[in-house]
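# Notes for the structure review
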Amino acid sequence: MPAFFVPTLLFSLFFGQYVAMTISNIEQYQEQFNRLLNQPVNGLCQDQKQALLLPLLTYLDQLHFAKCKEFNNISLNSGEVGSVTSLSDLGYLAVRLFKHLELKSISDEQVFKVLRSSGTTSQTPASIYLDKETSSRQSKTLVKILQQTIGKQRLPMLIIDSPRVVKDPKFSARAAGIQGLMFFGRDHTYALDEHMQPNWPVIQAFSEKYQDQAVLVFGFTFMIWQHFIQELIQQGKAIDLTKGVLLHSGGWKKLESEKVNNLRFKQILQQHTGIKQVHNFYGMAEQVGSIFVECTEGHLHAPVMADVIVRDPVTLLPSPINKTGLIQVLSALPTSYPGHSLLTEDMGTLLGVDDCLCGQKGKYFCVQGRLPKTEVRGCSDTQTDEPHV
Amino acid sequence: MILKRMNPMSDLTVLAPQHLSAEDMAKVHTLCPSQPASDLTLRFLQSLSQTLLNDAKCKAFPELIALGFWLRSSNIKQMIGSNASLQPDLRGDLTQVTKALGTVLHFTPSNVDSMFVYSWVCSLLMGNNNIVRVASSDSEAKTLLLSTFNQLLELPQYRRIAERNLFVSYPRGSAVTEHLSKQANARVIWGGDESVNAIRSVPCHPRCRDISFADRYSACLINGDALRNDEQVDELATKLWRDTEAHYQQACSSPRLVFWLGSPQQQQALFERINLFAKASFNTKSQLNNHLVLSQLLLSSGQSYPPIVKDCILAQSINQLEPRFLDWHQGAGAYLVLGLVTNESIEQSVEKLATHITDKLQTLSYWQIDKGQLLKLVGNPSIQGIDRIIPVGQALDFSPNWDGYDVMSQLSRQVSVI
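Note that the structure is a prediction, hence the values are computed from the model and not measured.

Next up on the list: the overall build of chain B. A count of helices and strands for chain B gives 16 helices and 18 strands. Against the globule reference of 22 Å for 418 residues, chain B gives a C-alpha radius of gyration of 23 Å, in line with a compact fold. Considering only contacts in chain B between residues 6 or more positions apart, those separated by 24 or more positions represent 73%.

Here you go:
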C-alpha cells in the first residue's frame, strides 16, 4: 500500500492536546493551513509542529497523487510501503524533475502564473505552475515569516539590483524574488543601474534621506558582494545605513571560490555600510514562500509551515544531527503542483532541534553548497564548450 | 569613418605543434597535400602508437591505451589494405588514382577525449592537411594526448607533418570558424545536433564536404536464453561494462539501451555484477543523484517499473522507448532495459525489434545472437538506424566505417583514367 493512504493522523487543535485528525478535502486543508499560519513562526517545539504539519503534508500527498499523473506514476512505483507516522516517511521528488516535466495538479485554465527559474548551473529552466490559491498562500507565508525579522512596518527599501531585471518580460525567479520582497518596503530604490554598476547619486540620496532610520536592504548574495561591496571597496567609499536590515539569498557558491564565508561577508558589509543586522535566507523557486531565515546565531530555521530533513546522499536515509547530506525540503503550501516534498541538490547539515541559542524552536541547519554538477560529456553534449558559432 | 576589421585569428591558440603560430596555421591550406598512406605518415603513426603504449602516464587512461593499440602498424596496414580506394585499380584500360582532398577542418566533441583522433588519423592517412579545433574544456587525457603530439611533432623527421597538422583552440562563436571554413575542402563535425547544425550553417567553400557525427545513441541486444550460468553472466557483465566505463558512458557508441530477448531470469544477477564493477569509479554523489532523477523521470512516464538495480549504476525496465528518455539519460552507468519477452522464439523476437529502432540508433552490440538473423534485421527497409553491429565488448573500437560513412574514402577523391 502506498504511503498516502493512511487515513488517520494526529492533529493538535490546542497545544499539547493531540486528537486524531484527518484532512479529506481542500476546504479542510485550507482551514488547517490558516490555523498553521496563525501559529508562531518559530515558536513550536518539533513534536508540536510535526503534529500540525503532518496531516497537511499527508493531504497534499493524496491530492497530488489524485491530480498529477506523473506524481501518481512515480509514487505508485517508488516502492514505499507502510504508514506515514513522521515527516521523514513522506516520499520526495527530485527537484530537477521540474526542469524536465510540466508537473501540475490543476487544469490549464486554473494556471494563474508560471514561475520559471533558470538557476545558475543549468540552461533548462524549471517550470512551476501556480494557481491563485497557491500564489496567495505563498505571499501570506512570506509576510508571516519576514515580519518576524523586519517587523510589520513597511520600511524604505534599497534593492541591490538593476531595475532591468524586473522589467524583463520573462518572469524569472530573480525578478519574482525582488517583487516578492518589494511588498515589505516602500520608496523602492534600485542601487544598481542598467549595467549592474552602482548608481552612486541614488545610493547617496537614499542614505542621506533615511539617515538614522530603519531601512530594508535586499539583494542576492553574489550580486551584493560583486556589484555593491566590491565596488565600495574599490572606490574607497563608505555609506551610512547603520539602522538598516539586510536580507539576502541565492547561495554562496560563487563566493566560496573567493573564500568569502558568512562571517566575513557580514564583517566587510558592516565596515562599508554600517549595517549590523544581516539575515541570509534559504529558499527555492520550487517552494516560494516557505523560506528558511538565518537567526542571530547565524543558523537557518525551519518555519512552522515548512521543514527540513537531511539525507545521506548514498542511502538516502535521514542523517543525524551534524552529519552533512542532501537537503530535503517540505512545504505545506503547494496545492497546484506536487512540490510539498522535494529532494534538493544542495548539501547541508542539521545542527539541532529546539535548542538554538537564539531561542527559536524547531530544526535549525546550515547549507554547504550544491552537489558538484556532473559533467554532461560526449557527442550529445550541447551544454559545455563544444565548437559553436 | 574607417571600419577596422578585427583579425579573426587574434583569439586563436595553437595547442600543437607548440612551435607554430596562428600565422603558420593561416598558411596550411596553401601547402601541398601528401601522398595517401605515405611512408612518412605510416612511420609517424607508428611512433605515436609506441609513445602512447609505452608512456607510463597513459596507462591510467584506457581510452589512450586503446588508441595506441589501434594505431599499431599492423592495424593501420590492414585498414589501408581493406580500403579499396587505396588499391590502384588496374582492370583492363581503367586506372584509378586516390588523392587527398586538400585541407580538412575538424571540430571535435567536447569530452569524448580521444574520439577526434580517429577521424584525424583517417584524414592524415589520405594525405590531407588538417586543422583540428579542440574543444577547450580540459581533461587530463586530452592534455596528455596533446603533449604527446607536441613531443613527436617537434622532431625534425616529422617537420612535414607538423607544418600540415595543427591542433588549435578558440572561443565558441569566434569568426575563426567562418574564416577557416572558406579554405577547407572538407569539414569533419563532431558534436550535438545543435552544434553540428550551427557549424554547418557557416558558409564554406562551395565544394566543401561536410561529414557530421551528430547525436546518436547505442543499444545492446542480449539473448537472455544464452545466460545459463554464473560464468556466462560474468563474461557478459565484463564486456558490457567495458563498453560503458570509458568516457563515463558518454560516447555515442556506448550502449544506453538494452534490448532483452528471451528469459529475464538473469537480469538481476547481470546488473548486480555490473554494479560491482561500477563501485570503484562510478560512485560520486552527483552520479547517484543523476540516477535518482532519471529513475523518477522514467517512472513519471507510466512506461517504466521500479529499478532492477539503483546504486552505482541504474538499470530500469521500460515498456517502450520515448525519445525524451534518451534526452534525460546523463550517462555514468544507466541502462534502460526494454524487454521483448515473448513466447516466441528468439528469431521471431529479433524480427519484432525493428519497430523499436529509430534513426538515431548508431551501434547495436549483441550477445549470443545469430549473425544471419542480424543481417536479416538490418536489411529490413523500415530500419533507418543502426550503422554498425558488433559483439558486445567492442562498442568503442573505432573503425574507419563510422556512422555509416567510409571515412577514408569520404576524405579523399578517386580519379579515374580511362
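Next comes the rest of the description.
In terms of helices and strands, chain A carries 11 helices and 16 strands. Sorting the 389 residues of chain A into buried and exposed places 46% on the buried side. A sequence separation of at least 24 residues applies to 70% of the contacts in chain A between residues at least 6 apart.

A few words now on the packing of helix H1 (residues 26–37) of chain A against helix H2 (residues 46–67) of chain A. Residues and elements named next belong to chain A. Put simply, H1 and H2 touch, their axes get as near as 10 Å, and they point 145° apart. Regarding H1 and H2, the two cross each other, and that crossing is left-handed. Facing H1, whose interface residues are Tyr 29, Gln 32, Phe 33 and Leu 36, H2 presents Leu 52, Pro 55, Leu 56 and Tyr 59. Taken together, the residues of the contact of H1 with H2 sort by class into seven nonpolar, one polar and no charged.

Moving on to the sheet that holds strand E4 (residues 103–107) of chain B. Residues and elements named next belong to chain B. Strand order in the open sheet made by the six strands is E1-E6-E5-E4-E7-E8, with mixed pairing throughout. Strands at the two margins of the open sheet, each flanked by one partner only, are strand E1 (13–16) and strand E8 (209–213). Averaged over all pairs of adjacent strands, the angle between their axes in this sheet comes to 20°, without regard to strand direction. Here strand E7 (residues 186–190) pairs with E8 via five bridges, running parallel.

So, on to the sheet that holds strand E13 (residues 334–340) of chain B. Residue and element names in this part refer to chain B. Pairing is mixed in the open sheet, where seven strands are placed in the order E11-E12-E13-E10-E9-E14-E15. Of all strands in the sheet, those bounded by a partner on one side alone are strand E11 (309–310) and strand E15 (388–391). Alignment of strand E9 (residues 217–223) against strand E14 (residues 361–367), held across five bridges, turns out to be parallel. Each residue of the ladder has a partner; that of Leu 221, found in E14, is Tyr 366.

Our next topic: the domain arrangement of chain A. Residue and element names in this part refer to chain A. Partitioning chain A into domains gives domain 1 (3–130 + 284–370) and domain 2 (136–282). With centres defined by C-alpha atoms, the gap from domain 1 to domain 2 works out at 27 Å. Sorting the residues of the side of domain 1 that touches domain 2 by element identifies H1, strand E4 (113–117), strand E11 (292–294) and strand E16 (363–370) as the ones contributing at least two each. With four residues, the single largest contributor to the side of domain 1 that touches domain 2 is E4. Considering only residue class, the side of domain 1 that touches domain 2 consists of 14 nonpolar, seven polar and four charged.

Our next topic: unusual backbone geometry. In this chain, B:Ala16 is followed by B:Pro17 through a cis amide linkage whose omega measures -10°. Among the structural elements, B:Pro17 can be located in the loop between E1 and helix H1 (22–27). Even without being a glycine, A:Met196 presents a positive backbone phi close to 65°. The topology assignment puts A:Met196 in the loop between strand E7 (185–190) and helix H8 (200–209). Residue class for A:Met196 comes out partly exposed when judged on the 15 C-beta atoms lying within 10 Å of it. Positive phi is not limited to glycine here, since B:Tyr248 has a value of about 50°.

A word on the domain arrangement of chain B. Think of interface size as the accessible area that goes away when the parts come together; that is how it is often given. Residue and element names in this part refer to chain B. You can read the domains of chain B as domain 1 (11–215) and domain 2 (217–391). Summarising the inter-unit geometry, the C-alpha centres of domain 1 and domain 2 are found 32 Å apart. Within the side of domain 1 that touches domain 2, the residues separate by chemical class into three nonpolar, one polar and two charged.

Before going further, it helps to spend a moment on the confidence of the model for chain A. Residue and element names in this part refer to chain A. On average, residues of chain A score 86 in pLDDT, and 87% of them reach the 70 mark or higher. Across chain A, element-level confidence peaks in strand E13 (residues 306–311) with a mean pLDDT of 98 and bottoms out in strand E1 (residues 9–14) with 42. With pLDDT under 50 throughout, residues 1–20 is counted as low confidence; its partners more than four residues away or in other chains account for 43 contacts.

What follows deals with the pairing of E16(A). Residue and element names in this part refer to chain A. Both strand E12 (residues 300–301) and E16 contribute to a ladder of two bridges, which runs antiparallel. Bridge assignment links Leu 300 to a residue of E16, and that residue is Phe 365. Bridge count between strand E15 (residues 341–353) and E16: seven bridges; the pairing is antiparallel. Residue Val 353 lies in a different strand from E16, and its bridge partner there is Lys 363.

Cut-offs and rules
- Residues numbered from 1 in each chain as written.
- Chains lettered and ligands numbered in written order.
- Predicted model: local features only at pLDDT ≥ 70, side-chain atom pairs only at ≥ 80, totals over all residues.
- Helix = DSSP H or I, 4+ residues; strand = E, 2+ residues; numbered from the N terminus.
- Rg over C-alpha atoms; globule rule 2.2 N^0.38 Å.
- Contact = placed C-beta atoms within 7 Å.
- Buried ≥ 20, exposed ≤ 12 C-beta atoms within 10 Å, placed from the backbone.
- Axes fitted to C-alpha atoms, helices over the stretch in contact; angles between N-to-C directions.
- Left-handed = near helix turned anticlockwise from the far one by under 90°.
- Nonpolar A, V, L, I, M, F, W, Y, C, P; charged D, E, K, R; others polar.
- Pairing = 2+ DSSP bridges.
- Domains from an automatic or database assignment.
- pLDDT = per-residue confidence, 0-100.

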